[in-house]
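Understanding the architecture of this molecule
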There are 8 protein chains.
Amino acid sequence: TRSGVPEAVFAEGKTTDEIHELLDLALETTGRGLATRIDDDTATTVRDRFVDDRPTAEIDHEARANVLRVRTADFEPPVLEATIGIVTAGTVDAGPAGEAAAVVGEMGATVERYDDVGVAGVHRLFDELDELRGTDVLVVAAGREGALPTVIAGLVDVPVIALPTASGYGYGGEGEAALAGALQSCTALTTVNVDAGFVAGAQAGLIARALDGARK
Amino acid sequence: TRSGVPEAVFAEGKTTDEIHELLDLALETTGRGLATRIDDDTATTVRDRFVDDRPTAEIDHEARANVLRVRTADFEPPVLEATIGIVTAGTVDAGPAGEAAAVVGEMGATVERYDDVGVAGVHRLFDELDELRGTDVLVVAAGREGALPTVIAGLVDVPVIALPTASGYGYGGEGEAALAGALQSCTALTTVNVDAGFVAGAQAGLIARALDGARK
Amino acid sequence: TRSGVPEAVFAEGKTTDEIHELLDLALETTGRGLATRIDDDTATTVRDRFVDDRPTAEIDHEARANVLRVRTADFEPPVLEATIGIVTAGTVDAGPAGEAAAVVGEMGATVERYDDVGVAGVHRLFDELDELRGTDVLVVAAGREGALPTVIAGLVDVPVIALPTASGYGYGGEGEAALAGALQSCTALTTVNVDAGFVAGAQAGLIARALDGARK
Amino acid sequence: TRSGVPEAVFAEGKTTDEIHELLDLALETTGRGLATRIDDDTATTVRDRFVDDRPTAEIDHEARANVLRVRTADFEPPVLEATIGIVTAGTVDAGPAGEAAAVVGEMGATVERYDDVGVAGVHRLFDELDELRGTDVLVVAAGREGALPTVIAGLVDVPVIALPTASGYGYGGEGEAALAGALQSCTALTTVNVDAGFVAGAQAGLIARALDGARK
Amino acid sequence: TRSGVPEAVFAEGKTTDEIHELLDLALETTGRGLATRIDDDTATTVRDRFVDDRPTAEIDHEARANVLRVRTADFEPPVLEATIGIVTAGTVDAGPAGEAAAVVGEMGATVERYDDVGVAGVHRLFDELDELRGTDVLVVAAGREGALPTVIAGLVDVPVIALPTASGYGYGGEGEAALAGALQSCTALTTVNVDAGFVAGAQAGLIARALDGARK
Amino acid sequence: TRSGVPEAVFAEGKTTDEIHELLDLALETTGRGLATRIDDDTATTVRDRFVDDRPTAEIDHEARANVLRVRTADFEPPVLEATIGIVTAGTVDAGPAGEAAAVVGEMGATVERYDDVGVAGVHRLFDELDELRGTDVLVVAAGREGALPTVIAGLVDVPVIALPTASGYGYGGEGEAALAGALQSCTALTTVNVDAGFVAGAQAGLIARALDGARK
Amino acid sequence: TRSGVPEAVFAEGKTTDEIHELLDLALETTGRGLATRIDDDTATTVRDRFVDDRPTAEIDHEARANVLRVRTADFEPPVLEATIGIVTAGTVDAGPAGEAAAVVGEMGATVERYDDVGVAGVHRLFDELDELRGTDVLVVAAGREGALPTVIAGLVDVPVIALPTASGYGYGGEGEAALAGALQSCTALTTVNVDAGFVAGAQAGLIARALDGARK
Amino acid sequence: TRSGVPEAVFAEGKTTDEIHELLDLALETTGRGLATRIDDDTATTVRDRFVDDRPTAEIDHEARANVLRVRTADFEPPVLEATIGIVTAGTVDAGPAGEAAAVVGEMGATVERYDDVGVAGVHRLFDELDELRGTDVLVVAAGREGALPTVIAGLVDVPVIALPTASGYGYGGEGEAALAGALQSCTALTTVNVDAGFVAGAQAGLIARALDGARK
Ligand SMILES: Nc1ncnc2c1ncn2[C@@H]1O[C@H](COP(=O)(O)O)[C@@H](O)[C@H]1O
Ligand SMILES: Nc1ncnc2c1ncn2[C@@H]1O[C@H](COP(=O)(O)O)[C@@H](O)[C@H]1O
Ligand SMILES: Nc1ncnc2c1ncn2[C@@H]1O[C@H](COP(=O)(O)O)[C@@H](O)[C@H]1O
Ligand SMILES: Nc1ncnc2c1ncn2[C@@H]1O[C@H](COP(=O)(O)O)[C@@H](O)[C@H]1O
Ligand SMILES: [Mg+2]
Ligand SMILES: [Mg+2]
Ligand SMILES: [Mg+2]
Ligand SMILES: [Mg+2]
Ligand SMILES: [Mg+2]
Ligand SMILES: [Mg+2]
Ligand SMILES: [Mg+2]
Ligand SMILES: [Mg+2]
């Protein structure tokens, strides 16, 4: 794995044993590990094993984001001089946004959250505009028609990463509408796949790392 | 055809002879006719025939909108007490928006145009907000990511009809992104198919007709 | 939210706590709230909480339409001088049609239902034709091939909003056939997404509001 | 090839030489041949060659249907005691319908045409109903939303074969909406591919052949 | 419903009560009724109700085909002088083929079954060829790549109706490959939607009815 | 490039200059070069340049397959002890099949062609069966429903590579039906992309090379 | 079935009885049988029946690959002088890769496994390069973006068969991205459908059989 | 427009007049302008007009990238202390890569090009690795299977922006395979739409601007 991006185990399609082993290996070799897209039951089982096997390890389960994090007691987390804004259009975007935040946090950047500023009521967005402009990178999570990343990217000079989410139904309702909206955006932004909070966070973290290097 | 909606000949896939004949029949029976999606060469040929055959008829070719309109000299156009706002995000949306405007005009409603108010620079939109709120129905034409109908529908109480346009490229670039955006909109609006200016205009016109009836 | 359209909580992908809180907030601020696409168990739990917390509130669960409605005791519902016809092709369309009816009702318009008039037996439709022509707007719910909105729009002058439903199987069976049919209709109608009863109802309600204004 | 179905050369993607040779071989061995989906220029060239090489052959080019037919002077066409109705929704359906008619005609059945009875004005259809009920099989060509086969199949007891055509634009506009409509029809009918007039005609012809056998 | 095609209740998306009522109404008015796509539990419940309410009715549940059939004691089933061959490529095609057989049977034609003659071992098919050629219509059910209808239609002069089934996985595995194969077939056949056994059977039955009329 | 597979320039999207230069470089470094998917005009221009610049080079343009081949005068082509059968369903498959044959030939294996053995008349196929069984690998090109690779793979023990071709129209007509048929085949075969004759030939050539190594 | 490829029962969509019967028949007639895509419960039930009915049979259930294998006590497995390399990009690819390995093993070739050599850390791949080059055929299983088959095929001269797997999420996440990557590969390889381990293994086995014949 | 990103006119779907006017306005107000996706003829006409109207303006037409650039004589381009690497897999990727380079250049960052390092011969890539690691951001243009962005992102710590290109044919050949590969990448990268060189360049430029700010 690339330096700075924490070792992350993609939990879907893996057995509990495999997830546990891979996290354990990450802990052993890098001092920490993340499991992403892990359901509650599996997370509880894996956490319990760590509590038994490695009583000094720090374990953290963020259920909303389906992320499980383990760290050795003496792991020293990196600290980057950079701020990543993570924006959600609505409550249903909280999962992927939380995954992004977890990765950014692990990489050492400061996370600022701006929640529920969806375009249905564009006024809330304008209240936050100065703050949004003060961040270094923006990750903007939105489902349905996914207009929010475009609206924000038209108002700020900060690099924007769209994070389309799978909230919707009918035609385009598995996040394709929001993804297509990001890819067709008439402003300049990049995107990740539907619900790919990990990827959005890691890319934001790499930019933060570069800025940190330039600032120090 | 339904009363109020002018007889319209969909020109694509028809021969020049057929278009001419169908328009002529419409003229004969209803005093006027529209051809939509008619290319420049065909429009010129058909116009020339009318100039020869029916020297008193009024003929109008709106090239930008690919619409040809014929009326008998004594046709009395309807007048409706209602205003339809037709909004475009960018210059490329002018074609379908013009088609919508032509139909609305034929049905007798007042047309107000609001051009190039795309979300990349959302300020221009706010300048027009009071005017937009003063219309009876809004037809909002936008391609690419199609965020504009959603942004507007979040700001006004007027019924909004989205008119997705086929401006774009790559994934979703034939108007599917804009269409999906309209269908997934987190506000309440209805939509027509990609580039279906005629349909958007006719529905707006039917609402105008109902309002006119209520007002008189 | 736009004036007239009641605050609605899209229940899918939200926790029971979130739905309850958001409804409660809507109740507090606007005197009422709707939850849409809410399953029976969640609806029961949320209702029970309201029964405990706000004993004077009126609570109504329309299971068929997956809608939960709460109102404060002193909420005064709007009354609009306008009638919306809601038509279904078959029994399976009752869910989305009920969702549309709930929104229209909340917005204050009169709802007329015309059920099971599908095109397989087109005679039933002709019996209702005069009544259909007497409404102000028609919402027509149909799944499978979705021919009904087109057939009706060819027979009336009232604005028609198609509401495609996800009843079917095989190719196009998730409502895409019915949606495509609405978008390609050779008559003039607008559409909403598959099963988007709320959106169809809200747009119908906005037109009703405009008519009410014109009539008064 | 199956007995009864005339040898047909699918002209698209073949050189003029190949089409000519294949038709010539069909003429030689079966007394006749059809080329389908043949453009005007190629048809003229091939016809001219036959005029030169086989002066006694009967050659017929139906430009509207993109069909070229050759027969030896002494070919005795079959005659079947059966009638196939071929219905079109609009003028743009004339091409595929003509292709179907050509094949049915070659197979020896009587062809009855019912043109422009589209659902936008359903009255015209009712005028023809008794005649439609008197045919043995109905081939119903319709593009756009493709409602016509369903509406007809709900009104007659004759086997209906839907022939979706590629007239339309935007989402589903290459005939997919009409095809999906046929496949999802809430009545019982079978379908062929978009614009597959030859296939619809051949299947209708095979049923005619069976009926002819039963009648004689 | 059309004469000859028995009243059929499409059970998916209906409640047990609704299915029971609709069947009961069919029984009352036409002497019989079919429910299609009915799962085992619902079928058992509905059957039990009929056993209680209408002790003299004949009830038949064909679990493999998900069909439930009810008849009054004195219903006189039609008898048609015609034979429909129903062919399956493999065991997984038994469900839709059984649905087709049930309808054909109800309509009064003789059903001949030819099972497991898939193209992986084309020899079995050749053994049945004379018998297949002796039927009046062939319904050919096949999933996966769906080659069987094409191979058979190339060998017989009988009208062939393809019945694509949803057996497969990966790209095209929900029956789209088999459906596309039927629509693109280089022989002449018509098709129904994926798993639409009812429709295939009803169309075959209508042809049988026509043949019966011609024969008598 | 891999040893054995000749350097091939994919001509689409390249300028004439670039194609010429890349072929020249291939000639210089490996003694030969292929350009694939090259249109007639470009091929003629490039050939003319080689005739001028490298008068001793052998140049060969196979127009049907859109392949241009150049070799230095003293290039010694490889010879492999292996035979590849290349089968086509119809004349329209000749292009991709020819591309495959060109590559196989360049790699040194013997090519056997079996043309026009499509499943519409399965008898022709049976006549060739012994010969087909005697080859080492079979490349089977077929468009439309693409049943041929499956039918052949059910009859031989030789590895079969499907080569779907883009001959067809309507749903699945750009080769997707044939590709889906290959991927869903109920026999065991591998496939390449639509019209990817080069790839099918190169894979067949690599197997030939392995067999040649084993045989010598 | 083709000689060499063991009789395999595709378990999905079959009842336990049918699977048991078909395996039993295979055992009876060929001395062995495989069931693929069989879930754990069904496998256990079928195994138990064989333990009862045929106490001397060898039964083997590979849960990870969803494969159940039965052999008579005296079955003499074939032995081929050829080696198939089976490569996985990550742990999630183990299922389909195991299915491929089971078939290859049954056909008598030697299987070499190369696991977790995904492109995220391309170094591991380079360590194995000499070994990979020493195999006769490579089956390369990869999900997500599916880059691995292309990267390997660019480095070896052995025929490569891509085995795309359905590990991923969002756009292209059901294996379509990996399948598209295999079909578009800028190197020369063939592919099977998503998760089609059986097919990849059988094709590899047929090549091994050919090589074995050439070697002996 | 956002500060730093130069005013760019998307030329597709605009008339020559409109492009000229919009560029002229940009020149007037910001001292420069870009037209992207402009074909050669239009570019020449527009250039000629500028030569006439504004003789002192600097005009530059990069035909390969379909970009036309105009600057006033006294425009002072920005200079950023940051380096963007632009990588192509093959010659066909030169167009979109050139578009990206043009934007990055206008924004003032240093551009480093790394051409033809596609994965078919992965060795060339390794030679450039140290240089690639020394850039601040990498834009990686690749078509076909689009493996290159993933392979590179697995080897460097620099933020990678994938730029999928529409080079290919058959399934996924309009750039969807490469886009899907970027979205499913098992490394962490962001992507833009197919051929969206402008967007990739602008995002890279915004990151460069941020780094420049941090460095100064
Ligand atoms: N939620 C996620 N989305 C996308 N990529 C992920 C995610 N979690 C982990 N990864 C990436 O996937 C790789 C692990 O894949 P695996 O070997 O299947 O666990 C890691 O190196 C990460 O780069
Ligand atoms: N541009 C258009 N888009 C959609 N529908 C149209 C258009 N122009 C005309 N129509 C409708 O199509 C019908 C005419 O179709 P046709 O008979 O094919 O000319 C008219 O009655 C109109 O309702
Ligand atoms: N399995 C089936 N597939 C397709 N159509 C069916 C099926 N079963 C019944 N039908 C048709 O659907 C109609 C009933 O639809 P519904 O009113 O939703 O029960 C009947 O008139 C039949 O023509
Ligand atoms: N017709 C073709 N189809 C697929 N791949 C091809 C074709 N022709 C050449 N190639 C491959 O594409 C590579 C060259 O791509 P390029 O550098 O774009 O010319 C060659 O190494 C071949 O492996
Ligand atoms: Mg939202
Ligand atoms: Mg725009
Ligand atoms: Mg219905
Ligand atoms: Mg029509
Ligand atoms: Mg099969
Ligand atoms: Mg063929
Ligand atoms: Mg992987
Ligand atoms: Mg490449």
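Treat the numbers as computed from the prediction; the structure is a model and nothing was measured.

Rules used throughout
- The residue numbers shown here count from 1 along each chain, following its written sequence.
- Written order determines the labels here, with chains lettered from A and ligands numbered from 1.
- Given that this is a predicted model, residues contribute local features only at a pLDDT of at least 70 and side-chain atom pairs are listed and counted only at 80 or more, while totals for whole chains, interfaces and linings are drawn from all residues.
- The side-chain figures draw on all heavy atoms in the structure; neither hydrogens nor water molecules are used.
- Each residue is tested against the molecule or strand, and it is near if at least one of its non-hydrogen atoms lies within 4 Å.
- Here a polar contact means two N or O atoms within 3.5 Å. Within protein one must be a hydrogen donor candidate and the other an acceptor candidate, and residues neighboring in sequence count only if both atoms are side-chain atoms.
- Only the protein chains shown count as covering a residue, and every accessible area follows the Shrake-Rupley method with a 1.4 Å probe.
- A helix here means a DSSP run of H or I that spans at least four residues, while a strand means a run of E at least two residues long, and both kinds are numbered starting from the N terminus.
- Three classes are used, and their members are as follows: Ala, Val, Leu, Ile, Met, Phe, Trp, Tyr, Cys and Pro are nonpolar, Asp, Glu, Lys and Arg are charged, and the others, Gly among them, are polar.
- Delimitation of the domains relies on an automatic or database domain assignment.
- Residues count as neighbours in contact if any of their non-hydrogen atoms are within 4.5 Å of one another.
- Here's the idea: put two parts together, see how much 1.4 Å probe accessible area each one loses, and the total over both is what we call buried area.
- Salt bridge, as applied in this entry: a Lys or Arg side-chain nitrogen positioned within 4 Å of an Asp or Glu carboxyl oxygen.
- Only residues with pLDDT of at least 70 in both copies contribute their C-alpha atoms to the least-squares superposition of the copies.
- The pairing criterion is simple: DSSP has to find at least two bridges between the two strands.
- Axis angles are defined between N-to-C directions and span 0 to 180 degrees, where every axis is a line fitted to C-alpha atoms and, for a helix, only to the segment in contact.
- Stacked, tilted and edge-to-face are the three classes applied to pairs of Phe, Tyr and Trp rings, where Trp contributes its six-membered ring and a pair requires centres within 6.5 Å; stacked means planes under 30 degrees apart, edge-to-face means over 60, and tilted covers the rest.
- Here's how the labels work: a residue is buried when its accessible area is under 20% of the maximum for its type, exposed when over 50%, partly exposed in between, all with a 1.4 Å probe on protein chains only.
- Over a ring means this: the NZ of a Lys or the CZ of an Arg is within 6 Å of the ring centre and within 35 degrees of the ring normal.
- Two cysteine sulfurs form what is called a disulfide whenever their separation falls within 2.5 Å.
- Place the viewer so that the strands point away; then a crossover is right-handed whenever the path from the first strand over the helix to the second strand goes clockwise.
- Rotating anticlockwise by less than a right angle from the far helix to the near helix defines a left-handed crossing, while the corresponding clockwise rotation defines a right-handed one.
- Expected span of a helix, by definition, is 1.5 Å for each gap between consecutive residues, and there is one gap fewer than residues.

Re the site of ligand 2
Neighbouring residues of ligand 2: B:A8, B:F10, B:K14, B:T36, B:R37, B:E99, B:F198, B:V199, C:C186, D:R144 and D:Y169. Site remark: ligand 2 is flanked by residues from chains B, C and D. In the model, an oxygen atom of ligand 2 is placed 2.6 Å from a nitrogen or oxygen of the B:K14 side chain. When isolated, ligand 2 has an accessible area of 500 Å², and the protein chains bury 83% of it. Elements represented by at least two residues in the shell around ligand 2 include exactly β1 (8-10) and α8 (197-215) of chain B. Taken together, the residues that form the shell around ligand 2 break down as six nonpolar, one polar and four charged. Here the shell around ligand 2 spans two domains, since at least three of its residues come from each of domain 1 (8-71) and domain 2 (83-215) of chain B.

Overview of the interface of chain B and chain C
On the chain C side, the residues contacting the 28 residues of chain B number 28 residues. A buried area of about 2600 Å², summed over both sides, lies between chain B and chain C, and 56% of it is on carbon and sulfur atoms. Our count for the chain B to chain C interface comes out at two salt bridges. One salt bridge connects C:D157 with B:R209, and the closest N-O pair in it is separated by 3.8 Å. Taken together, chain B and chain C are joined by eight residue pairs in polar contact (both at pLDDT 80 or more). Contributing elements (two or more residues each) for the side of chain B that touches chain C: β8 (160-164), α7 (176-183), β9 (190-191) and α8 of chain B. A total of 10 residues in the side of chain B that touches chain C trace back to one element, the largest contributor, which is α8(B).

With respect to the side chain of B:T72
Position of B:T72 relative to the elements: it lies in the loop between β4 (67-71) and β5 (83-88). Setting aside its immediate chain neighbours within four residues, B:T72 contacts B:L27 and B:G31.

Thoughts on the relation of the copies chain B and chain C
For the pair chain B and chain C, the best superposition has an RMSD of 0.0 Å and corresponds to a rotation of 180 degrees with a translation of 0.0 Å parallel to the axis. Taken together, the rotation and translation describe the operation of a two-fold axis. Both copies contact each other with a shared surface, as 100% of the interface residues of chain B are interface residues in chain C too.

Remarks on the sheet that holds strand β2 (residues 32-36) of chain E
All names here are of chain E. Taken in spatial order, the four strands make up an open sheet running β1-β2-β4-β3, and their pairing is mixed. Across the chains shown, the open sheet's two edge strands, defined by having one partner strand only, are β1 (8-10) and β3 (58-62). Mean inter-strand twist for the sheet, computed between neighbouring axes without regard to direction, equals 15 degrees. Two strands pair when backbone bridges link them, and β1 and β2 are joined in this way by three bridges, in the parallel orientation. Directly across from A8, in β2, lies its bridge partner L34. Set on the sheet, helix α1 (residues 16-30) makes contact with β1, β2 and β4 (67-71); between it and β2 the angle comes to about 150 degrees.

A few points about the packing of aromatic side chains
According to the stated counting rule, one finds 16 aromatic pairs over all chains in the structure shown. A ring pair is formed by G:F126 and H:F126, whose centres lie 5.2 Å apart and whose planes are at 70 degrees; its orientation type is edge-to-face. Of this pair, G:F126 sits in helix α4 (residues 122-127) while H:F126 sits in helix α4 (residues 123-127), which puts the two residues in different chains. With relative accessibility at 26%, the residue H:F126 sits in the partly exposed group. The ring centre of B:F10 lies 5.2 Å from the NZ or CZ of D:R144, which sits over that ring.

Remarks on the domain arrangement of chain A
Residues and elements named next belong to chain A. Here the domain parsing of chain A yields domain 1 (8-71) and domain 2 (83-215). On the domain 2 side, the residues contacting the 10 residues of domain 1 number 11 residues. Where domain 1 packs against domain 2, one counts three salt bridges. Measuring nitrogen to oxygen at the nearest pair gives 3.2 Å for the salt bridge that ties E106 to R69. The tally of links from domain 1 across to domain 2 stands at three residue pairs in polar contact (both at pLDDT 80 or more). For the side of domain 1 that touches domain 2, the elements supplying multiple residues, two or more each, are β2 (32-36) and β4 (67-71). Of the residues that constitute the side of domain 1 that touches domain 2, the class distribution is four nonpolar, one polar and five charged.

Section: the state of the cysteines
The final tally for this structure, using the stated rule, is zero disulfides over all chains. Unpaired in this structure, D:C186 has its nearest cysteine sulfur neighbour in C:C186, at a distance of 16 Å.

Focus: the side chain of G:D24
Within the fold, G:D24 resides in helix α1 (residues 16-30). A polar atom in the side chain of G:D24 sits 2.7 Å from the side chain of G:R54.

Quick word on the interface of chain B and chain A
Taken together, the contact pairs 28 residues of chain B with 28 residues of chain A. Contact with chain A buries surface across chain B, with B:E145, B:Y171 and B:Q184 losing the most and accounting together for 31% of the total. The interface formed by chain B and chain A includes zero salt bridges. Tallying contributions element by element places α7(B) first for the side of chain B that touches chain A, with six residues. Counted by class, the side of chain B that touches chain A contains 14 nonpolar, 11 polar and three charged residues.

Describing the pairing of strand β2 (residues 32-36) of chain B
Residues and elements named next belong to chain B. Buried residues dominate β2, accounting for five of its five residues. Side chains R32, L34 and T36 of β2 all project onto a buried face; the interleaved residues G33 and A35 project onto the opposite face, where all are buried too. In this view, the connection linking β1 to its parallel neighbour β2 by way of helix α1 (residues 16-30) has right-handed handedness. Where β2 lies against β4, four bridges are found, and the strand directions are antiparallel.

Some points on the site of ligand 3
Neighbouring ligand 3 are C:R144, C:Y169, D:C186, E:A8, E:F10, E:K14, E:T36, E:R37, E:E99, E:F198 and E:V199. Chain contributions to the surroundings of ligand 3 come from chains C, D and E. In the model, an oxygen atom of ligand 3 is placed 3.4 Å from a nitrogen or oxygen of the E:F10 main chain. Taking 500 Å² as the accessible area of ligand 3 by itself, protein coverage stands at 83%. Looking at the shell around ligand 3, the elements with two or more residues in it are β1 and α8 (197-215) of chain E. Its residues assigned to classes, the shell around ligand 3 comprises six nonpolar, one polar and four charged. For the shell around ligand 3, the two domains that each supply at least three residues are domain 1 (8-71) and domain 2 (83-215) of chain E.

Considerations on the packing of helix α3 (residues 94-107) of chain D against helix α8 (residues 197-215) of chain D
Residues and elements named next belong to chain D. Close contact between α3 and α8 brings their axes to 7 Å; oriented N to C, the two are set at 35 degrees. Crossing hand, α3 versus α8: right-handed. Counted together, P96, E99, A100, V103, V104 and M107 of α3 and G197, F198, G201, A202, A204, G205 and L206 of α8 form the full contact between these two elements.

Looking at helix α3 (residues 94-107) of chain C
Compared with the 20 Å implied by 1.5 Å per residue over 14 residues, the 20 Å span of α3(C) between its first and last C-alpha is a close match. In terms of residue burial, α3(C) counts as a mostly covered element, since 13 of its 14 residues are buried.

Considering the sheet that holds strand β2 (residues 32-36) of chain C
Residues and elements named next belong to chain C. Read from one edge to the other, the open sheet built from four strands follows the order β1-β2-β4-β3, with strand pairing classed as mixed. Single-partner strands in this sheet number two, and they are β1 (8-10) and β3 (58-62). Pairwise comparison of adjacent strand axes, ignoring direction, gives a mean angle of 15 degrees for this sheet. Across five bridges, the pairing between β3 and strand β4 (residues 67-71) is antiparallel. Paired with D60 across the bridge in β4 is R69.

Regarding the arrangement of the chains
Without any contact between them, chain A and chain F keep their closest C-alpha atoms 20 Å apart. Across the gap from chain D to chain H, with no contact made, the nearest C-alpha atoms are 17 Å apart.

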